[in-house]
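Summary of the model geometry
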4 protein chains.
Amino acid sequence: MIVAMQDKATEEHIQHVIERMVELGFNVHRTTGATQTILAGVGTPGHFDVAEFKVLSGVYDAYRISSPYKLAGRSFRPEGTTITFPNGVVVGGEQITIMAGPCSVESREQILLSAKQVKAAGAQFLRGGAFKPRSSPYSFQGMGLEGLKLLREVGDETGLLVITEVMEISQIELMLPYIDCFQVGARNMQNFNLLRELGHVRKPVLMKRGISATIEEVLLSAEYILSGGNYDLILCERGIRTYETYTRNTMDISAIPVLKKLTHLPVMGDPSHGVGIRDLVPPMALASVAAGADGLLMEMHPNPDKAMSDGAQSLYPEQLEKLIAKLRLLAPVVGRSVA
Amino acid sequence: MIVAMQDKATEEHIQHVIERMVELGFNVHRTTGATQTILAGVGTPGHFDVAEFKVLSGVYDAYRISSPYKLAGRSFRPEGTTITFPNGVVVGGEQITIMAGPCSVESREQILLSAKQVKAAGAQFLRGGAFKPRSSPYSFQGMGLEGLKLLREVGDETGLLVITEVMEISQIELMLPYIDCFQVGARNMQNFNLLRELGHVRKPVLMKRGISATIEEVLLSAEYILSGGNYDLILCERGIRTYETYTRNTMDISAIPVLKKLTHLPVMGDPSHGVGIRDLVPPMALASVAAGADGLLMEMHPNPDKAMSDGAQSLYPEQLEKLIAKLRLLAPVVGRSVA
Amino acid sequence: MIVAMQDKATEEHIQHVIERMVELGFNVHRTTGATQTILAGVGTPGHFDVAEFKVLSGVYDAYRISSPYKLAGRSFRPEGTTITFPNGVVVGGEQITIMAGPCSVESREQILLSAKQVKAAGAQFLRGGAFKPRSSPYSFQGMGLEGLKLLREVGDETGLLVITEVMEISQIELMLPYIDCFQVGARNMQNFNLLRELGHVRKPVLMKRGISATIEEVLLSAEYILSGGNYDLILCERGIRTYETYTRNTMDISAIPVLKKLTHLPVMGDPSHGVGIRDLVPPMALASVAAGADGLLMEMHPNPDKAMSDGAQSLYPEQLEKLIAKLRLLAPVVGRSVA
Amino acid sequence: MIVAMQDKATEEHIQHVIERMVELGFNVHRTTGATQTILAGVGTPGHFDVAEFKVLSGVYDAYRISSPYKLAGRSFRPEGTTITFPNGVVVGGEQITIMAGPCSVESREQILLSAKQVKAAGAQFLRGGAFKPRSSPYSFQGMGLEGLKLLREVGDETGLLVITEVMEISQIELMLPYIDCFQVGARNMQNFNLLRELGHVRKPVLMKRGISATIEEVLLSAEYILSGGNYDLILCERGIRTYETYTRNTMDISAIPVLKKLTHLPVMGDPSHGVGIRDLVPPMALASVAAGADGLLMEMHPNPDKAMSDGAQSLYPEQLEKLIAKLRLLAPVVGRSVA
């Protein structure tokens with residue numbers, strides 16, 4: 001930590017800051033300029049709150065000079081993390097991973113047809129919600145356990161891996177037998193108890209960026225899962241909330257290369273939630289991969305007009321097919337490929 | 001719902017939209033202008049997603065024309081909700097309610113001293129966190145059950161009501177014997193399972209606005225609790241995330257009069273989290289009450305410089321005292337009083 | 001400036017940073033920790049761009065440790081700036097200043113009636129737009145010079161000072177004979193050529209915060225005017241753009257006490273543009289003064305339903321009157337008064 | 001316009017709204033539902049302000065049902081606008097246009113070397129600022145007229161078209177002899193007087209999106225230029241201001257396909273300002289073209305470490321070269337090419 005004192009700071013102010021730094025375990029190096037004193041704290045204290053120093057008398061500003069996350073940092077595993085799934089599919093490697101399917105599991109027929117279309121288009125994962133977090137209590141809340149069973153069944157039938165959203169701790173055990181990857185939704189990115197539990201599970205997790213989470217907060221949340229011992233973690237940009245209302249969210253494509261630089265974890269893009277409008281999904285999917293994404297998570301529905309949720313942002317099956325065909329051409333430009 | 005068609009919409013487009021509206025249970029009234037057709041859907045269908053109509057071919061835009069929440073709306077209880085606590089304290093009435101205390105319960109000594117100072121300053125509630133949601137897994141995570149017991153003990157000793165944050169369903173039962181009011185933090189405002197459970201509890205709940213929640217989303221989340229049968233709900237503005245970084249958050253003071261207009265529920269302000277800087281808390285507390293808040297939730301610590309969390313935004317005991325003295329003078333200007 | 005190097009920075013990286021710092025005129029003090037090197041640059045170089053250092057190889061981060069504005073800083077004039085107008089009205093003193101009037105000057109009758117109502121309610125300034133910046137080229141664009149003359153005429157007739165918006169350099173000369181205070185609108189807060197010219201004028205200026213301007217940017221823009229020699233500058237918070245759409249903007253009330261702390265310049269609030277909805281203007285006006293504002297700028301129209309612009313946020317004359325009556329009671333709570 | 005009345009609206013409220021609609025020139029169609037009345041205004045009134053209706057008594061909400069811009073709308077020229085420059089370069093056609101160069105013209109040597117590198121890399125336009133809008137009055141403000149002359153000279157010498165930023169009306173005449181395209185910066189996107197003047201010029205204009213401008217506001221500003229008779233207009237996404245601070249701005253890649261859908265005007269991307277960090281420029285440039293951009297505007301400097309402005313976001317010459325090579329491979333995937 002560095003503390004820059006104000007021009008007018010007194011020696012008393014300076015001594016008080018030094019004392020607090022020493023109490024926290026810092027070795028303090030002092031630079032006394034003609035107008036301003038700078039205090040550099042070196043060493044490895046435990047957790048401290050830089051905001052506390054910003055409000056001390058005589059302080060101009062205080063700066064943390066090391067990242068607050070360790071295990072999530074790129075330097076922890078410079079070569080990057082790859083995650084190998086039971087059927088040999090690898091996320092984070094040279095191949096782009098594609099996860100697609102309906103927002104919600106609605107019936108056996110719907111999810112089976114979805115799976116067949118997703119598989120035919122060339123995806124590796126089937127997505128589908130069994131438990132749905134909905135902003136209105138009067139909206140469809142998902143099929144629950146029955147939905148999980150259907151996902152597993154049609155996943156096995158079509159040879160697709162299965163990913164679904166986990167909303168609370170009690171669902172973890174329930175889901176374990178049926179799924180290949182847990183998905184943590186944007187609203188739960190700071191549900192720290194849930195993250196901690198997922199750190200103890202031996203199954204991969206895909207964690208979406210919160211709707212107003214900074215990149216640093218994404219990595220701190222990742223740290224919760226990693227510090228529990230689960231290193232099979234995938235991050236996912238899915239749009240942030242801004243003042244622009246034309247799109248459902250503003251997809252922060254730059255977060256993809258930024259995360260690839262700051263962390264060793266695979267990074268995917270979710271253009272469906274990123275923009276929320278069907279016809280914008282293909283260009284944003286292409287943009288995600290062009291910017292370095294390791295994969296895509298997208299909503300597709302056999303009949304989007306009749307979907308029980310998120311129909312407006314679900315691709316038609318033929319759109320998904322055409323998109324993946326384009327991705328096959330695009331991927332090599334950035335040194336990747338599509339299976 | 002109203003659907004405005006594009007100038008160039010064909011009769012086929014129009015018929016398709018009408019069909020979808022009828023399927024959902026709307027009676028459709030059609031206005032055919034020289035250039036544009038307008039479809040007004042009346043009647044009371046169940047849940048529908050207006051976004052689905054926005055992407056249909058030939059549609060210019062679609063509008064929901066009734067609020068998606070019912071029980072939370074002002075018209076449900078035009079006279080406003082008041083909540084009477086065991087010791088006779090009323091929230092939502094003529095008197096301004098003041099809740100204050102440290103961010104975290106740290107020790108018996110700390111919380112007892114806090115309670116005495118809070119009581120002496122004139123507050124009605126003691127706040128203090130027993131379970132802490134922290135963005136870093138390496139930060140202090142709270143005293144847990146021990147903290148709950150201490151809160152109850154010192155609350156009883158000083159005659160203060162007790163409020164603390166509940167982070168997950170499993171904590172509800174645990175907390176019930178010790179507290180007077182549950183607090184739902186900003187990060188859990190859309191933890192719908194938690195909200196649903198709190199709807200079945202017979203104890204008041206204070207729910208904070210999420211850091212990027214719209215006012216409509218606040219009311220939809222309130223609907224989750226109300227629809228479970230728990231009508232003793234208090235809302236709380238605590239700052240939203242914007243581009244401005246000088247303050248920790250941007251406290252949206254206007255949300256207070258807006259919520260007072262849209263809902264019958266009491267509305268409080270939390271200037272501590274709203275701005276995150278101690279010296280800005282008093283002016284923002286005064287502003288909150290001037291704008292119509294029913295009460296204030298504030299952090300105060302006997303020794304903020306040594307607080308285990310949120311020290312930078314915690315008031316010194318004497319600051320709280322002076323602030324409440326000013327509030328006593330201010331409240332009558334807006335037709336209220338401070339006990 | 002301080003530069004914190006990465007753990008893995010090489011001596012070559014460090015030397016390159018030191019060289020660049022020395023080239024800019026810094027004296028560099030080096031702290032070599034066990035893991036991290038810190039370079040503190042002291043001395044008084046001219047302008048430099050801290051972003052340039054952030055991207056140098058081996059750098060963890062770089063921090064400016066003094067404010068980029070000088071004349072606008074509180075320490076330049078710790079006692080605060082007061083501005084005395086020809087008729088003795090003082091802005092920035094103990095009295096709250098009230099400026100009110102219609103969005104646009106529409107006719108002699110309308111502006112004269114407005115002036116009488118504004119005066120009767122207790123305001124000191126008449127506001128009214130002669131040149132209107134409108135987002136649509138098809139909207140009413142103002143009466144121009146004719147409007148300026150009317151403002152002066154009715155100002156003199158009623159004993160009110162006159163403030164109006166200047167949109168470009170060529171209007172400065174034109175306006176000088178007719179007005180008492182220039183207003184720089186939010187859209188021009190970073191029209192640096194205009195600001196520079198206003199620095200050479202000998203008439204007070206009220207500058208509004210840009211719709212997405214940070215507090216630091218407000219003060220840098222102030223610096224443009226001050227550095228030209230015009231010290232009679234008033235700042236004004238008028239709402240910023242956020243994700244919330246219920247209100248036209250989100251009025252950042254906390255910017256008022258923050259600016260009062262950082263600068264010696266008077267700070268006003270504009271709740272009309274801050275929220276954009278008539279009935280929310282009075283609570284936000286009260287909140288502004290409770291938070292420390294030196295005055296208020298508000299829209300009032302004799303007949304808001306027929307206003308040619310901004311009718312939805314213009315107060316009815318009787319609302320303004322009642323509001324000022326309340327302000328008279330509120331001001332003493334924060335050590336101020338209303339004339 | 002459509003006005004939806006509240007459930008509890010009285011007949012008097014309804015009649016008042018109808019009267020106001022008729023006054024503005026609307027023909028009103030009324031739908032009386034069991035609970036709610038809907039008023040559809042058809043016909044072609046001049047300008048009106050929908051906000052005015054939202055605050056009338058008894059109104060639930062009011063909606064504009066046609067876009068407020070006409071000439072900028074896609075339907076005005078469904079086939080899309082192409083702009084042909086003197087040397088035959090076409091913007092908005094099948095080929096991707098690349099504009100590159102330093103932030104500021106600093107000297108003859110610097111701009112000549114830049115031009116040669118830009119040309120060698122494969123760009124069609126040389127960019128460079130002669131007049132610089134800087135947030136601090138103490139920063140480098142550009143070489144002015146001398147800079148313009150140098151741009152023209154080296155543009156002619158290397159066979160590049162020249163684009164530079166115009167900051168105010170008085171610079172238009174000055175620039176005309178030297179440049180091929182005017183650039184309107186983000187800060188001037190709502191400088192309506194400047195836009196109006198540029199509408200009367202017979203030279204193409206590239207207008208950047210304001211830092212907090214909505215897509216609708218971009219198109220309304222475009223309307224100012226088009227309505228003056230200048231149809232040679234290019235739009236440019238350059239990043240918006242959000243809560244995320246890792247990048248200088250958040251580049252809204254989705255604005256590119258959205259604008260391509262809503263307007264016939266060519267749309268470019270400026271990844272340099274979009275992210276502000278050199279190493280993120282190439283992935284964001286690729287993403288822009290993948291998402292449908294008609295071209296790119298980028299900063300490149302022969303020696304970014306010593307640039308007088310924006311060095312941190314300026315590409316090294318060899319980075320530009322490699323990037324354009326990749327763009328040549330990417331463009332065909334989306335049906336385009338790079339010259």
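Structure: see above.
Structure report, in brief. (Residues numbered from 1 in each chain as written. Chains lettered and ligands numbered in written order. Predicted model: local features only at pLDDT ≥ 70, side-chain atom pairs only at ≥ 80, totals over all residues. Heavy atoms only, no water.)

1. Here's the deal with the sheet that holds strand 2 (residues 27-32) of chain A
Residue and element names in this part refer to chain A. The sheet built from four strands is open, its strands ordered 2-3-1-4 with antiparallel pairing. Of all the strands in the sheet, just strand 2 and strand 4 (59-63) have a single pairing partner and so form its edges. Here the average twist between neighbouring strands, direction ignored, is 15 degrees. For strand 2 and strand 3 (residues 37-42), the ladder comprises six bridges, and the chain directions are antiparallel. The residue of strand 3 that forms the bridge with Arg 30 is Leu 39. (Pairing = 2+ DSSP bridges. Helix = DSSP H or I, 4+ residues; strand = E, 2+ residues; numbered from the N terminus. Axes fitted to C-alpha atoms, helices over the stretch in contact; angles between N-to-C directions.)

2. Examining the pairing of strand 11 (residues 205-208) of chain C
Residues and elements named next belong to chain C. Neither face of strand 11 is exposed, since Val 205 and Met 207 on one face and Leu 206 and Lys 208 on the opposite face are all buried. Two elements, strand 10 (residues 181-184) and strand 11, share three bridges in a ladder whose sense is parallel. Considered in strand 11, the bridge of Gln 183 is made with Leu 206. In the classification by handedness, the crossover that spans strand 10, the intervening helix 6 (residues 192-198) and the parallel strand 11 is right-handed. At this point the chain moves from strand 11, through helix 7 (residues 215-226), to the parallel strand 12 (residues 233-237), and the crossover so formed is right-handed. (Buried < 20%, exposed > 50% of the residue type's maximum accessible area, 1.4 Å probe, protein only. Right-handed = clockwise from strand over helix to strand, strands pointing away.)

3. Quick word on helix 4 (residues 145-158) of chain A
All names here are of chain A. The end-to-end C-alpha distance of helix 4 is 20 Å, a good match for the 20 Å that 14 residues give at a rise of 1.5 Å each. Looking at the packing, one finds that the buried side of helix 4 touches helix 3 (108-121), strand 8 (125-127), strand 9 (161-165) and helix 5 (169-175). Residue Gly 159 follows helix 4 closely and has a positive phi angle near 80 degrees. (Expected span 1.5 Å × (residues − 1). Contact = heavy atoms within 4.5 Å.)

4. What about the interface of chain A and chain B?
The partner chain B presents 45 residues to the 45 residues of chain A that form the contact. Between chain A and chain B, the buried area comes to about 3,700 Å², and carbon and sulfur atoms account for 49% of it. Its largest share of buried area at the contact with chain B, chain A owes to Tyr 138, Arg 241 and Asp 305 of chain A, together 15% of the area lost on that side. Counting across the interface, chain A meets chain B through four salt bridges. Residues Glu 217 of chain B and Arg 241 of chain A are paired through a salt bridge, measuring 2.7 Å at the closest nitrogen-oxygen approach. Put simply, chain A and chain B have 18 residue pairs in polar contact (both at pLDDT 80 or more) between them. The leading source of residues in the side of chain A that touches chain B is helix 7 (residues 215-226) of chain A, at four residues. Per-class residue counts for the side of chain A that touches chain B are 17 nonpolar, 13 polar and 15 charged. (Buried area = accessible area lost by both parts, 1.4 Å probe. Salt bridge = Lys/Arg side-chain N within 4 Å of Asp/Glu carboxyl O. Polar contact = N/O pair within 3.5 Å; in protein donor to acceptor, adjacent residues only side chain to side chain. Nonpolar A, V, L, I, M, F, W, Y, C, P; charged D, E, K, R; others polar.)

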